[in-house]
There are 2 protein chains.
Amino acid sequence: MDMINLSQFELVSNAFSFAIAVMGAATIFLFLGRSQVAPQYKTAVTISGIVTLIAFYHYWRIFDSWQGAYTVTATGLQATVHKFNDAYRYVDWLLTVPLLLIELILVMRLSREETTQKAKSLATAAALMIVLGYPGEISAVTGEKWKWWILSMIPFLYIVMNLVSGLTKSINAQPESVRQMVSDARLMTIVAWSFYPIVFVFPMLGVGGAEATTYVQIGYTIADIVAKAVFGVYIYMIAVRKSETNA
Amino acid sequence: MDMINLSQFELVSNAFSFAIAVMGAATIFLFLGRSQVAPQYKTAVTISGIVTLIAFYHYWRIFDSWQGAYTVTATGLQATVHKFNDAYRYVDWLLTVPLLLIELILVMRLSREETTQKAKSLATAAALMIVLGYPGEISAVTGEKWKWWILSMIPFLYIVMNLVSGLTKSINAQPESVRQMVSDARLMTIVAWSFYPIVFVFPMLGVGGAEATTYVQIGYTIADIVAKAVFGVYIYMIAVRKSETNA
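Nothing here was measured: the structure is a model prediction, and the numbers come from that model.

### What to know about a nonpolar patch on the surface
All names here are of chain A. A cluster of nonpolar side chains, namely Leu187, Val191, Phe195 and Ile222, defines an oily patch on the protein surface of about 340 Å² accessible area. At 3 residues, the largest contribution of residues to the nonpolar patch is made by helix α7 (residues 176-201). As for its position among the elements, Val191 is in helix α7.

Written out as structure tokens, the structure reads:
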């Protein structure tokens, strides 16, 4: 791996610290805000806060792992014997990505059967997507990376198709006052989640070693902030609005 | 950069530690006090506490970075290979400055449309102000510093103008008992925020290297304490007063 330079190291460090602050702030906001929604929406808001809390924990680990992987010397940055641990991201996603879909389903307040069925199928597909992505992420062989990327895209596309077609009827059944917001939350999921497969392919498209490392780390961080913290607050806002109209 | 001396190092260390204590204390006060305000003001108080919590986190990082940047030896203070990370401040402001304006807007309890519109325009201007300030902060070239200072002043003046003219009608519509307090909170924002562009120009006005470093760090710390902790408690007091009059 090409060695990153000091300013790349600092840029990524600052992005990780930013994510720690955002995820922590979102967690507290959601846990406190939970008291402001009707009982039937409390679980959706609780899960939103749990997702950002899990991410807060992992970004703390990611930050520490990043600091430990390099050392600043008088002549510049040097790699240590400790490799940066990318697995924290995948462990995080394995937990949070199924939960994010469950948040969206819960705030819609479908029938019990529909909730269970959709939660199971979408959460399973989400976990599968993460599990299939990881071997590609850690492989240094471009062909291997593409193979796992393609395999991981199958559950990803299944989720997107389900969100687009399967949820349309349910969204149309939402109260008028939140219909647009729920539709926006769905769109936010699709757009934010599309970042991940795009960031994944940076190193496969010939973006140079050190630059690719920097872009991949910052790209994933931005995607996580949108998909978890911004999305979570949006779910909360939908829950507040629905609580007001007693829907 | 001219080297600071041991007493300057200690003075700044103590100022950072003071900020950690104040921000932590304000956070707990606001989170506990949240139960004492009417439901419609809880979000304003929650956000006030989140702002001081984010600042608490960043002052902890700033303190550690400052300690790591220097080492005390038998012959005096020496710089280490680790540079003090000024970016923590900007990362903090990027998050907290838009939230501070949202606090003020939420406690005023305007119409939903007005709240959304003002929150969006002011928060965007605030984020832009921070983003435009950072390149100037890290540049060592005085001309560059002035250029970014001027660019950053444009959104700053937009915010001030909005607070002064745009909010006057809304302030006059506040209940009698809090009208003066809301007006004071607005004034506090304008005055405290004016510290920042003034502190920013210290190094550009020929205040010497080591002295400038000391003044800049202490100046920003005082400004942060007023703009976040004192302001947050003031927002809480307005919320309490408005809750009593059921406004």
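### Some remarks on the packing of helix α5 (residues 142-166) of chain A against α7(A)
Residues and elements named next belong to chain A. Two elements in contact, α5 and α7, have axes whose closest approach is 11 Å; the angle formed by their N-to-C orientations is 175°. One finds that α5 runs roughly antiparallel with respect to α7. Where α5 approaches α7, its residues Lys145, Trp146, Trp149, Met153, Phe156, Ile159, Val160, Leu163 and Val164 are matched on the opposing element by Arg186, Thr189, Ile190, Trp193, Ser194, Pro197, Phe200 and Val201. A breakdown of the residues in the contact of α5 with α7 according to their chemical character gives 13 nonpolar, 2 polar and 2 charged.

### Remarks on the interface of chain B and chain A
Each partner contributes to the interface: chain B provides 22 residues, whereas chain A provides 21 residues. The interface formed by chain B and chain A contains 1 salt bridge. Summed over the shared surface of chain B and chain A, the result is 7 residue pairs in polar contact (both at pLDDT 80 or more). The set of elements that each furnish at least two residues to the side of chain B that touches chain A consists of α2 (39-69) and α3 (87-108) of chain B. The element that contributes the greatest number of residues to the side of chain B that touches chain A is α2(B), accounting for 11 residues. Here the side of chain B that touches chain A is built from residues that sort into 13 nonpolar, 5 polar and 4 charged.

### Some points on the packing of aromatic side chains
Counted according to the given criterion, the structure contains 33 aromatic pairs over all chains. Seen from their ring centres, A:Tyr90 and A:Trp93 are 4.8 Å apart, and the 65° between their planes marks the pair as edge-to-face. Residue A:Tyr90 and its partner A:Trp93 are both found in helix α3 (residues 87-108); the two are separated by 3 residues, about one turn of the helix. When sorted by exposure, A:Tyr90 lands in the same class as A:Trp93, which is buried. Seen from their ring centres, B:Phe16 and B:Phe84 are 6.1 Å apart, and the 15° between their planes marks the pair as stacked.

### Description of the environment of B:Ala210
All names here are of chain B. Within the secondary structure, Ala210 is located in helix α8 (residues 209-244). Under the relative-accessibility criterion, Ala210 is labelled buried at 12%. Once the C-alpha coordinates of Ala210 and Thr71 are considered, the two residues, 139 residues apart in sequence, prove to be 16 Å apart.

### Focus on the relation of the copies chain B and chain A
It takes a turn of 72° to lay chain B on chain A, together with a shift of 0.7 Å along the axis; the resulting RMSD is 0.1 Å. Taken together, these values place the two copies in the relation of a five-fold axis.

### So, the nonpolar core
Residues A:Ile159, A:Trp193, B:Ile159 and B:Trp193 are the most contacted members of the largest nonpolar core, which totals 163 residues. Per-element tally for this core: the top contributor is helix α8 (residues 209-244) of chain A, with 15 residues. Look past the residues within four positions of B:Ile159 in its chain and what remains in contact with it is B:Leu101, B:Leu122, B:Ala125, B:Ala126, B:Met129 and B:Trp193.

### Observations regarding the pattern of salt bridges
One pass over the full model with this rule turns up 9 salt bridges over all chains. The shortest N-O distance in the salt bridge between A:Asp92 and A:Lys228 comes to 3.2 Å. One end of the pair, A:Asp92, is in helix α3; the other, A:Lys228, is in helix α8, with 136 residues separating them in the sequence. As far as the burial class goes, A:Asp92 and A:Lys228 line up, both buried. The residue B:Arg112 makes a salt bridge to A:Glu244 at a minimum N-O spacing of 3.0 Å.

### With respect to the pairing of strand β2 (residues 76-79) of chain B
Within a regular beta strand, the side chains point alternately toward one face of the sheet and then the other, so they alternate between its two faces. Residues and elements named next belong to chain B. With 4 bridges connecting them, strand β1 (residues 70-73) and β2 associate as antiparallel partners. Along β2, the bridge assignment pairs Thr73 with Gly76. Where β1 folds back onto β2 in an antiparallel hairpin, the turn is made up of 2 residues.

### A few points about the side chain of B:Thr52
All names here are of chain B. Position of Thr52 relative to the elements: it lies in helix α2. On the accessibility criterion, Thr52 (0% relative accessible area) is buried. Engagement of the side chain of Thr52 in a polar contact is seen with the side chain of Thr27, the distance being 2.9 Å. The contacts of Thr52, once residues within four sequence positions are left out, are Met23, Ala26, Thr27, Leu30, Lys228 and Ala229.

Conventions adopted
Residues numbered from 1 in each chain as written. Chains lettered and ligands numbered in written order. Predicted model: local features only at pLDDT ≥ 70, side-chain atom pairs only at ≥ 80, totals over all residues. Heavy atoms only, no water. Patch = residues over 30% accessible without salt bridge, like charges linked within 9 Å, V, L, I, M, F, W, Y side chains within 5 Å. Areas by Shrake-Rupley, 256 points an atom, 1.4 Å probe, with all protein chains shown as cover. Salt bridge = Lys/Arg side-chain N within 4 Å of Asp/Glu carboxyl O. Helix = DSSP H or I, 4+ residues; strand = E, 2+ residues; numbered from the N terminus. Axes fitted to C-alpha atoms, helices over the stretch in contact; angles between N-to-C directions. Parallel < 35°, antiparallel > 145°, perpendicular 65-115°, else oblique. Contact = heavy atoms within 4.5 Å. Nonpolar A, V, L, I, M, F, W, Y, C, P; charged D, E, K, R; others polar. Polar contact = N/O pair within 3.5 Å; in protein donor to acceptor, adjacent residues only side chain to side chain. Phe/Tyr/Trp six-rings, centres within 6.5 Å; stacked < 30°, edge-to-face > 60°. Buried < 20%, exposed > 50% of the residue type's maximum accessible area, 1.4 Å probe, protein only. Least-squares fit on C-alpha atoms with pLDDT ≥ 70 in both. Core = buried A, V, L, I, M, F, W, Y, C linked by side-chain atoms within 4.5 Å. Pairing = 2+ DSSP bridges.

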